Amino acid sequence: MDWSAFGLSLELAAWTALLLVPIGAWIARELAWRPMAGKAWLEALVALPLVLPPTVLGYYLLSAFGGGSWLGQAYQSIAGRPLAFSFNGLLLASMVFNLPFAVQPMQRAFEAIPQEVREAAWVSGLSRWSAFRRVELPLAWPGIVSSLVLTVAHTVGEFGVVLMMGGNIPGETRTISIAIYDRVQAFDESAAAAMSAMLLAFSLLAIGIVYALSDRRRRA
Amino acid sequence: MSAGLYARLEQEAPIPLAAELHCAPGELAALVGPSGSGKTTILRCIAGLHRPRAGEVRCNGALWYDGSIDLPPQERRVGLVFQSYALFPHLSALGNVMLAAGHVPPGQREAKGRALLELVNLAGLEGRRPAQLSGGQQQRVALARALARDPEALLLDEPFAAVDRVTRRKLQRELALLRERVRIPIVLVTHDLDEARVLADSMTILHHGKTLQRGVPGEILARPCSAEVARLLDLGNLFEAVILEQRPESNRTLLEWSGTTLEARHAPGFSPGERVSWVVAPEYVILHRRDRPSQGERENPVQGIVEECVSMGETTSVAIRVGDQPWLTMNIATHHARRNQLAAGQTATVTLLAEGIHIMQKDGAQRGRAARA
C-alpha cells in the first residue's frame, strides 16, 4: 500500500476542488444565464475533456507547460523550477481535465433557478452579491456539492493525463492510480489489489453522495 | 407631478412601447390589455428589470430612469408581485418576507415580517415553505414580501390569475382593504375587465404597447374613444355609420345607419359625411311590446329579424339582424321574452335610446382627437 501516493492524490483532489469549484461556479453561472453568441461552442470547449483521449489532452498540456512555452518559461522564471513534472503542473492539468465535471452540475443547478426568483431578490433590495449568497447559492447548493464530489473523485481516479503530465515521481507526481499501474507492472498483486479496492470504495462513496443529493433535490 | 408614480416609456423592440402612466398615492391604476400588449414589460421598466429605449420613470419626485439615469432595481423602492409569485423556495414564508426587509435594523426584521404576514392574513403559517402553501397563500406571501421593503409604489402583475375563483374574490377584497392602509400608488396589471372595474380608480387600455385610452373604468366602458378600444373591451353592438347632422342645441347628433336615421347623444368634433363607429350598450336597447305600445317608441325605432334567442337563467340574450348589419344584441328578462313569444325568425322592433348611443372614430381614423376620456 503506497500511502504517500494516496495522500498525494487526496492533496491534488482537494486543491483542484478548492480552486476549480469557484471558477467553475462562475463559468456555470455565465453559461446558465448570460445570453451570448457561440454559447454552444463554449459549452463544447468545457465538455472537451470528457471526449478527448487523456493522451491527447496530456500531450497538449505538456507542450503548454514545457520549457519552450511562454507559460512554462514564466513559471520557471518565477518559481525557479519547471512546471512540467511538478505538483503544480499536475494541479493545473487537473483543473483543466476536471472542467466539465465541475461546470456541468453547477450549470444545470443554476439553470434550474427561475429568472424571476433572481429578479425578485433584486427587487427585494438585495445586491447582486447578497442575491447570490442568500438565494442563488442555497438553491444551487446540491449542484455545487455534486461538482465538488465529482471533481474530487475524478481527480483521485485520473490516470492517463497524470501519466502524460507528471510521469511517476514519488511524492511529487505519483498519484494512487499511477501507483496501482506501477505495482501491476512489478507483479505486486497484493498491493495493487489493496489500492484498487480502496479506490473502488472511495469512488462508490463519492458517486453515492452525488446520487443521494440529486435524489433529495428531485423530491424537494 | 411630484407625488406618485409617473412613467413614460418608448421602445421598438422586443415589444413596441409607447405608453404613459400616472398613478397618484393611494390610487389603484389598472393596466388592461390582451396578452402581448406590453403590460408586464411596463411593470418591469418601472421596477428597473427592463431598460426601455427612451422615456422617464419618476416616483415621488425622484428620478428613476430618463435614458441617461437608470437606477438598478435595488435603488428603486418598489414592491413587485410577480405573476408566478417568484417566492424563494428554500425559505419559509417569514424568511421570504424578512429577506426583503434588509433596510430595517436586523433586530426588527422578524417583528416586521410577522406583522406583514398578519396583515395579509397568514398569521400561524410563518414557518411554512412556499411548496407547503396553497396558491392563494403564496400570493399573500408575495404581497407581504413586496410590502416588506416599505415601497414607494406597489406593482402587481396579474396577481389573481393563478388562483381559483373563490380565492380570487377573497384576495381582491383583501387588496381593496389593503389600499386603505398603505397609501402608495398601486399599479395592477390584468386582462380581466371586471377585476379592473371592481378594484381600480383608473384604467389604462393598452394595445401593442400603446396607451389607447386612460380614465375612470366606468367612463371608458361607457365611452370608449375608438372602435379599437371598444373591441378590446369586448363591447358588443359595435357598428359603422355616417354623420348626417350635428344639433348641439338639442344635444343630438344624427346618424345614417342601415337606411334609417338615428339620433344619438351629441358627439362634437365629427363633421357631416364622416364615417364613424358607434356602440350601444345592451341595456339601452329596448324591445317593443307587441300587445301594448309604450312611450319612447318613437325614439330610434329599428326593425329586424330575431336571429338567436338564448335563455341563460333569468336573462335571455336576443340577437337581431337589422338589414345587412352585424347582429344587434340585448338582454331581456326571460319571462319578458316568453310573454312576447320571442323566437328566431320573427320580426321584432326595438328602440335604441339616443342617450346610450356613443359615437367614436372609426378604425384607422386619425388618432389624437379623443385620446383622453
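Residues numbered from 1 in each chain as written. Chains lettered and ligands numbered in written order. Predicted model: local features only at pLDDT ≥ 70, side-chain atom pairs only at ≥ 80, totals over all residues.

Q: Which residues make up the overall build of chain B, and what are the values?
A: Secondary structure summary: chain B contains 9 helices and 20 strands in total. By principal-axis analysis of the C-alpha atoms, chain B measures approximately 80 × 45 × 35 Å. In chain B, which comprises 373 residues, the proportion classed as buried is 40%. Of the contacts formed within chain B by residues at least 6 apart in sequence, a portion of 65% connects residues at least 24 apart. (Helix = DSSP H or I, 4+ residues; strand = E, 2+ residues; numbered from the N terminus. Buried ≥ 20, exposed ≤ 12 C-beta atoms within 10 Å, placed from the backbone. Contact = placed C-beta atoms within 7 Å.)

Q: So what's going on with the interface of chain A and chain B? Residues and values would help.
A: Tallying the contact residues gives 15 residues for chain A and 18 residues for chain B. If you list the elements that add at least two residues to the side of chain A that touches chain B, you get α7 (115-123) and α8 (128-157) of chain A. Among the elements that take part in the side of chain A that touches chain B, α7 of chain A stands out by supplying 6 residues, more than any other. Along the lines of polarity and charge, the residues of the side of chain A that touches chain B split into 9 nonpolar, 3 polar and 3 charged. (Nonpolar A, V, L, I, M, F, W, Y, C, P; charged D, E, K, R; others polar.)

Q: Tell me about the sheet that holds strand β15 (residues 285-287) of chain B, and name the residues and values.
A: Residue and element names in this part refer to chain B. The 5 strands are arranged β15-β19-β16-β17-β18 in an open sheet whose pairing can be described as antiparallel. Each having just a single partner strand, β15 and β18 (328-333) make up the two edges of the open sheet. Each neighbouring strand pair of the sheet contributes to a mean axis angle of 45 degrees, computed without reference to strand direction. Where strand β16 (residues 301-312) lies against strand β19 (residues 347-352), 5 bridges are found, and the strand directions are antiparallel. Of the residues in β19, the one forming a bridge with Val-302 is Val-350. (Pairing = 2+ DSSP bridges. Axes fitted to C-alpha atoms, helices over the stretch in contact; angles between N-to-C directions.)

Q: Lay out unusual backbone geometry in plain terms, naming residues and giving numbers.
A: All names here are of chain B. Omega for the bond connecting Ala-13 with Pro-14 falls within 30 degrees of zero, at 0 degrees, which places this linkage in the cis form. Its place among the elements puts Pro-14 in the loop between β1 (5-11) and β2 (17-23). Even without being a glycine, Asn-60 presents a positive backbone phi close to 45 degrees. Relative to the helices and strands, Asn-60 is located in the loop between β4 (54-59) and β5 (62-65). Of note in this structure, Asn-237 is not a glycine but carries a positive phi near 55 degrees.

Q: Which residues make up the pairing of β2 of chain B, and what are the values?
A: It is a general feature of regular strands that their side chains alternate between the two faces of the sheet. All names here are of chain B. Of the two faces of β2, only the one carrying Leu-17, Ala-19, Leu-21 and Cys-23 is buried; Ala-18, Glu-20 and His-22 on the other face are not. Bridge count between β1 and β2: 7 bridges; the pairing is antiparallel. Its bridge partner lying in β2, Leu-9 is registered against Ala-19.

Q: With reference to specific residues and values, describe the nonpolar core.
A: Membership of the largest hydrophobic core comes to 154 residues, with the highest contact counts inside it found for Val-97, Ala-144, Leu-155 and Val-187 of chain B. Per element, the largest residue contribution to this core is 12 residues, and it comes from α8 of chain A. Discounting chain neighbours no more than four positions away, the residues touching Val-97 of chain B are Gly-113, Leu-116, Leu-117, Val-141, Ala-144, Arg-145 and Ala-148 of chain B. (Core = buried A, V, L, I, M, F, W, Y, C linked by C-beta atoms within 7 Å.)

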